[in-house]
Structure formats: C-alpha cells, structure tokens
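# Inside the fold
One-letter residues, chain by chain:
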Amino acid sequence: DAGVIQSPRHEVTEMGQEVTLRCKPISGHNSLFWYRQTMMRGLELLIYFNNNVPIDDSGMPEDRFSAKMPNASFSTLKIQPSEPRDSAVYFCASIRSGGYTEAFFGQGTRLTVV
Amino acid sequence: RKEVEQDPGPFNVPEGATVAFNCTYSNSASQSFFWYRQDCRKEPKLLMSVYSSGNEDGRFTAQLNRASQYISLLIRDSKLSDSATYLCVVNTNAGGTSYGKLTFGQGTILTVHP
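In this report, we go over the structure that sits alongside the text. Owing to the predicted nature of the structure, the values given are computational and were not obtained by experimental measurement.

## Focus: the state of the cysteines
Scanning all chains against the criterion turns up 2 disulfides over all chains. The disulfide partner of Cys23 of chain A is Cys92 of chain A, and the gap between their sulfur atoms is 1.9 Å. On the sign convention where negative is left-handed, the bridge of Cys23 of chain A and Cys92 of chain A, at about -65 degrees about the S-S bond, is left-handed. A residue pair is termed long-range when its members are at least 10 positions apart, and Cys23 of chain A in strand β3 (residues 19–24) and Cys92 of chain A in strand β9 (residues 88–95) qualify at 69 residues. Judged by its relative accessible area of 1%, Cys23 of chain A falls in the buried class. The buried category is assigned to Cys92 of chain A, whose relative accessible area is 0%. The disulfide that involves Cys23 of chain B links it to Cys88 of chain B, with 2.0 Å between the sulfurs. In this structure the cystine formed by Cys23 of chain B and Cys88 of chain B twists about its S-S bond by roughly -75 degrees; its chirality is therefore left-handed. Of this pair, Cys23 of chain B sits in strand β3 (residues 19–25) while Cys88 of chain B sits in strand β9 (residues 84–93); the two residues are 65 residues apart in sequence, bridging distant segments of the chain. With respect to class, Cys23 of chain B is no different from Cys88 of chain B; both count as buried.

Reading guide: rules and limits
- Residues numbered from 1 in each chain as written.
- Chains lettered and ligands numbered in written order.
- Predicted model: local features only at pLDDT ≥ 70, side-chain atom pairs only at ≥ 80, totals over all residues.
- Heavy atoms only, no water.
- Disulfide = S-S within 2.5 Å.
- Helix = DSSP H or I, 4+ residues; strand = E, 2+ residues; numbered from the N terminus.
- Buried < 20%, exposed > 50% of the residue type's maximum accessible area, 1.4 Å probe, protein only.

This is the structure:
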C-alpha cells in the first residue's frame with residue numbers, strides 16, 4: 001500500500017480564494033482524521049470520520065471550513081474563502097478502528113494564503 | 001483546560017543523557033495512549049503505544065498512570081538521531097463504539113547535541 005496520500009503537497013493562494021485539500025486513506029482503514037498544525041497551536045484535530053460519516057467536527061474553526069468523505073477512499077477539506085490565518089500544514093491520517101492501532105499520516109499539505 | 005497537555009520543553013541534552021517527557025490528559029474515559037515522533041517538516045509517526053503495565057522498547061520506556069491521568073516517556077542513552085518533536089497522543093472512544101478521537105499534545109522538542 002502506498003500509505004496515506006495527500007494532495008497537493010504545497011499550495012499558495014490569494015486571500016479570498018477557495019482551497020481544496022485532498023486525502024486518500026489507506027485501504028481498509030475506516031477512520032479518517034484531518035489535522036492542522038501551526039507553531040503556535042500544535043496539531044489541532046479539525047474533524048474525523050468513521051465509515052465515511054463525520055463523527056466530530058467541533059474542531060473546525062468556522063463556517064469557512066468544510067469536509068466531506070463521499071466514499072471510503074477519498075476525503076476533501078475545503079476552505080472558502082481562505083484567509084492568511086489559515087496558513088498552516090494540514091495533515092490527513094487514517095486508522096483501522098480499534099484500541100491500540102496505529103494512525104498513519106499523509107505527508108501533509110503546506111498551505112500559504114497571501 | 002486542554003485535553004492533552006505536555007511539558008513544552010525544549011529539551012537540549014548531550015549524547016548519552018537520559019531525558020523524560022511528561023503528559024497529562026483530561027478525559028478519564030480515554031482508553032489508549034501513544035507516543036509519536038515528528039521530525040522537522042515531516043509527518044508524525046508512531047514511536048510506541050503505552051500500556052497500563054508500562055512497556056519498554058530498547059532505550060525507550062513508556063509509563064501510564066490512569067489514576068493521575070499521566071503518561072511519560074523516558075529515553076536512555078540519547079543519540080543525535082533522537083532529536084525530534086515527541087507528541088503525546090490520547091485515543092478516546094465515543095461511547096459504546098470501537099472508534100475513537102485521537103488528540104495530540106502540543107509536542108516537546110528534543111535536541112541531542114554532541
């Protein structure tokens with residue numbers, strides 16, 4: 001398996017533009033997590049899905065952020081409109097549900113909003 | 001109060017030193033615990049799970065104290081290659097389910113110097 005695949009790896013966009021981040025989890029993993037990482041706030045959980053259903057989106061900062069998981073092999077995180085304070089590294093992680101199972105992370109998308 | 005709090009460091013130690021990291025979590029219903037390692041500009045990766053009885057993996061020892069809601073990581077005989085950020089992770093299952101919410105601490109930066 002190729003692991004968790006995120007795209008794009010880097011994104012530079014202008015304030016006000018729509019940004020879509022993509023994630024392909026590991027096949028067979030049934031939970032998917034979106035995190036945002038900044039120096040100031042560390043790794044923040046934005047939202048997570050189990051069997052494609054959003055379970056907890058309390059970490060989504062505001063209505064400008066939305067996430068979908070239309071099927072077991074694909075998820076998107078959308079920011080519209082983007083703002084400079086959204087600049088961060090966005091990670092997607094997937095896990096096979098259970099107790100002591102390992103979460104595997106994608107390489108992240110480094111987003112810069114100018 | 002944050003769900004997972006870590007000693008922020010940074011820790012700057014010489015090769016061969018022993019260093020300990022601490023972490024506390026707020027949700028007593030949390031069920032599984034981990035330490036992840038993150039290298040600069042990379043994604044987090046599992047270092048080790050933390051079991052109730054404590055566990056050891058080579059130079060690394062993890063301890064869990066459920067009564068105090070406290071997790072620790074001890075690194076003995078530290079190497080230059082141990083330089084990284086160490087993240088405490090707590091998995092809290094939604095009631096009656098097998099899937100959980102993975103919450104990360106802020107991370108502790110370790111630098112091992114010659």
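Let's pick the thread back up.
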